[in-house]
Amino acid sequence: MISAAPEQTPRRLRAAVIGLGWAGQQHVAAYAADPTVDLVALSAMEEHLLEEFGEKHQVPGRYQDWKQMLAEEELDVVSIATPTFLHAPMAIHALEAGVNVLTEKPMAESGEVAARMVEVARRTGRVLDVSFNHRQRGDVTALKDVVDSGVLGTLYYAKTGWVRRQGIPGLGTWFTKAEKSGGGAMMDIGIHMLDMALHLLGEPGVTAASAMTHAEFGPKGRGGSGFGISQVEEGAPFEVEDLATAFLRLDTGGTLLLESSWAQWIPEDLCYVTLYGSDGGATIEWGGTPGNQTITVWTEVAGMPAELSPRVGPDGGHAGAVAQFLQKVRSGDVAAHDGSLPLRRAQVIDACYASAKAGEEVTIAH
Ligand SMILES: NC(=O)c1ccc[n+]([C@@H]2O[C@H](COP(=O)([O-])OP(=O)(O)OC[C@H]3O[C@@H](n4cnc5c(N)ncnc54)[C@H](O)[C@@H]3O)[C@@H](O)[C@H]2O)c1
């Protein structure tokens, strides 16, 4: 009788999370549920959250000072889920200390800052990854399978967008302060759609962007939501856009349209990716309610027009993003996971803002 070789037990990794807002709590839950990881430390400004999540998941290390945590805990991996302007200093410090880093999206407040993070990841030989949890959704993974099957033929056009009825996060907090967030709706939620669309299109390069931004809700105190736990800053700044539109040229000759909005006069939230191919088209739609995703494919079967509704798989969410990060760390293939891909996303967003400011198309050098 041939018996299968025993599966190698992966080395247990010592993990920590910095930031305990909604995003950080998703990372905490993901590490806590992973039997191959010891979640050994948490860092946040809020003592009550350190206490609550420390107790809930039996996490012994609890720090208001994240540098002290990195110095004392001998970590293998850390998730950074703090306000965007803190991703780079925290990630660079952690990488320099030999820790592999998963930051929340957006990677940083600009492509220039994100590029510095990649440089440090390369120099230190550590993994740098960004949590794009939406590409882990069941509709996205199902549509990726459809694309990879070839049934749509060559994809040459796509449009995508996330338009909320009312959903400005942290109105007056770091979220709406330009130097801390790096931008508004496009930086915050448009980046998820950009990531999903480019992922589904097979990672074409974006060669040029023509974009426009508007702020019609935030400056009037309209469109706020309950998202975000940080304090409102002095003067409750609203220095970013609440709507951005972009037309992107791809190195395949194709084009991608992106709309991102935190608040809009529409009946309900809209979240979609539509793909147009030489042999078929497909769309995923999501009204903002988990479990409410649909996927539809239009093509031809035996010479007849056909409409297909592939089954939507389970949502991977943050647990999926964390699991992929841990896999990358364990693969040892640091060069393939140095943050280059999320850096390219950041550079596209930069080009969109530059285009909106200049009032003309901006090319993107690769
Ligand atoms: N992937 C997603 O779906 C998703 C959703 C929401 C937010 N985000 C991203 O996650 C990040 C955090 O967003 P949020 O909504 O959770 O923010 P938040 O403002 O609600 O919470 C920020 C957290 O960071 C902590 N923090 C701030 N400064 C700190 C410091 N010096 N040391 C230790 N902790 C510190 C705060 O104490 C707080 O716990 C942002 O980059 C945001 O874009 C991602």
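In short, a report on the structure. Small disclaimer: the values here were computed from a predicted structure and weren't measured.

Some remarks on the state of the cysteines
The full count for this structure, using the stated rule, is zero disulfides. Cys271 forms no disulfide, and the closest cysteine sulfur to it belongs to Cys352, at a distance of 17 Å. Accessibility expressed as a relative area gives 0% for Cys352, which makes it buried.

Section: helix H8 (residues 185-200)
In an α-helix, one turn spans 3.6 residues; hence positions three or four apart end up facing the same way. The end-to-end C-alpha distance of H8 is 21 Å, a good match for the 22 Å that 16 residues give at a rise of 1.5 Å each. Ile191 marks the point of greatest bend in H8, at about 40 degrees. Burial within H8 is extensive, with 16 of its 16 residues counted as buried. Taken from the residues just after H8, Gly202 is the one with a positive phi, measuring 90 degrees.

A short note on the site of the ligand
With respect to spatial proximity, 30 residues lie near the ligand, and among them Leu20, Glu46, Asn133, Ile229 and Ser230 are the closest. One nitrogen or oxygen atom from the main chain of Gly21 is found 3.5 Å from an oxygen atom belonging to the ligand. The separation between an oxygen atom of the ligand and a polar main-chain atom of Met45 is 2.9 Å. When the ligand is considered free in solution it has 850 Å² of accessible area, and contact with the protein chains removes 90% of it. Of all the elements in the fold, those that place two or more residues in the shell around the ligand are helix H1 (22-32), helix H4 (87-96) and H8. Across the shell around the ligand, the residue classes break down as 15 nonpolar, 11 polar and four charged.

Examining the pattern of salt bridges
Counted according to the given criterion, the structure contains 17 salt bridges. With its nearest N and O atoms 2.7 Å apart, the salt bridge here joins Arg12 to Asp38. Placement of the pair is Arg12 in the segment before strand S1 (13-18) and Asp38 in strand S2 (residues 37-43), with a sequence separation of 26 residues. Where Arg249 meets Glu361, a salt bridge forms, and the shortest distance between an N and an O atom there is 3.1 Å. Note that Arg249 is positioned in strand S9 (residues 243-250) and Glu361 in the loop between helix H10 (340-358) and strand S15 (362-363), a separation of 112 residues in sequence. A relative accessible area of 38% means that Arg249 is categorised as partly exposed.

Section: the pairing of strand S14 (residues 304-308)
Both strand S13 (residues 294-301) and S14 contribute to a ladder of five bridges, which runs antiparallel. The partner of Val301 across the bridge, within S14, is Met304. Where S13 folds back on S14, the antiparallel hairpin that results is connected by two residues, among which Ala302 adopts a positive phi of roughly 50 degrees.

Here we look at the packing of helix H6 (residues 138-149) against H8
Taken N-terminus to C-terminus, the directions of H6 and H8 make an angle of 25 degrees; their axes are 10 Å apart at the nearest point. On the basis of their axis angle, the class for H6 and H8 is roughly parallel. In this structure, H6 uses Val140, Leu143, Lys144 and Val147 to contact H8, whose residues at the interface are Met196, His199 and Leu200. Grouping the amino acids of the contact of H6 with H8 by side-chain chemistry returns five nonpolar, one polar and one charged.

Quick word on helix H5 (residues 111-124)
With 14 residues, H5 extends 20 Å from end C-alpha to end C-alpha; this agrees with the ideal 20 Å at 1.5 Å per step. Listing the buried residues of H5 in full gives Gly111, Val113, Ala114, Met117, Val118, Val120, Ala121 and Thr124. Gly125 sits one or two positions beyond H5 and adopts a positive phi of about 65 degrees.

Overview of the sheet that holds strand S3 (residues 61-63)
The strand order S3-S2-S1-S4-S5-S6 describes an open sheet built from six strands, whose pairing is parallel. Every interior strand has two partners, whereas the edge strands, S3 and strand S6 (128-131), have only one. Neighbouring strand axes in the sheet, compared pairwise and without regard to direction, differ in orientation by 20 degrees on average. Relative to strand S4 (residues 77-80), S1 runs parallel, the two being bridged by four bridges. Following the sheet pairing, Ala15 is matched in S4 by Val77. Those strands touched by helix H9 (residues 317-331) are S1, S2, S4, strand S5 (100-104) and S6, and its axis lies near 155 degrees from that of S5.

A closer look at the environment of His57
One can find His57 in the loop between helix H2 (47-56) and S3. Looking at His57, the relative accessible area reads 25%, which means it is partly exposed. Sequence separation between His57 and Ala71 is 14 residues; the distance between their C-alpha atoms is 22 Å. Residue contacts for His57: discarding those within four places in its chain leaves Val28 and Ala32.

As for the packing of aromatic side chains
Inspection of every chain in the model, using the stated rule, returns five aromatic pairs. Aromatic pair Tyr157 and Tyr276: ring centres 4.9 Å apart, planes at 25 degrees, arrangement stacked. Here Tyr276 lies in strand S11 (residues 270-277) and Tyr157 lies in strand S7 (residues 155-163), a separation of 119 residues in the sequence. On the basis of relative accessibility, which here comes to 22%, the residue Tyr157 falls in the partly exposed class.

Calculation rules
- Residues numbered from 1 in each chain as written.
- Predicted model: local features only at pLDDT ≥ 70, side-chain atom pairs only at ≥ 80, totals over all residues.
- Heavy atoms only, no water.
- Disulfide = S-S within 2.5 Å.
- Buried < 20%, exposed > 50% of the residue type's maximum accessible area, 1.4 Å probe, protein only.
- Helix = DSSP H or I, 4+ residues; strand = E, 2+ residues; numbered from the N terminus.
- Expected span 1.5 Å × (residues − 1).
- Bend = angle between axes of the 7 residues up to and from the residue.
- Near = heavy atom within 4 Å.
- Polar contact = N/O pair within 3.5 Å; in protein donor to acceptor, adjacent residues only side chain to side chain.
- Areas by Shrake-Rupley, 256 points an atom, 1.4 Å probe, with all protein chains shown as cover.
- Nonpolar A, V, L, I, M, F, W, Y, C, P; charged D, E, K, R; others polar.
- Salt bridge = Lys/Arg side-chain N within 4 Å of Asp/Glu carboxyl O.
- Pairing = 2+ DSSP bridges.
- Axes fitted to C-alpha atoms, helices over the stretch in contact; angles between N-to-C directions.
- Parallel < 35°, antiparallel > 145°, perpendicular 65-115°, else oblique.
- Contact = heavy atoms within 4.5 Å.
- Phe/Tyr/Trp six-rings, centres within 6.5 Å; stacked < 30°, edge-to-face > 60°.

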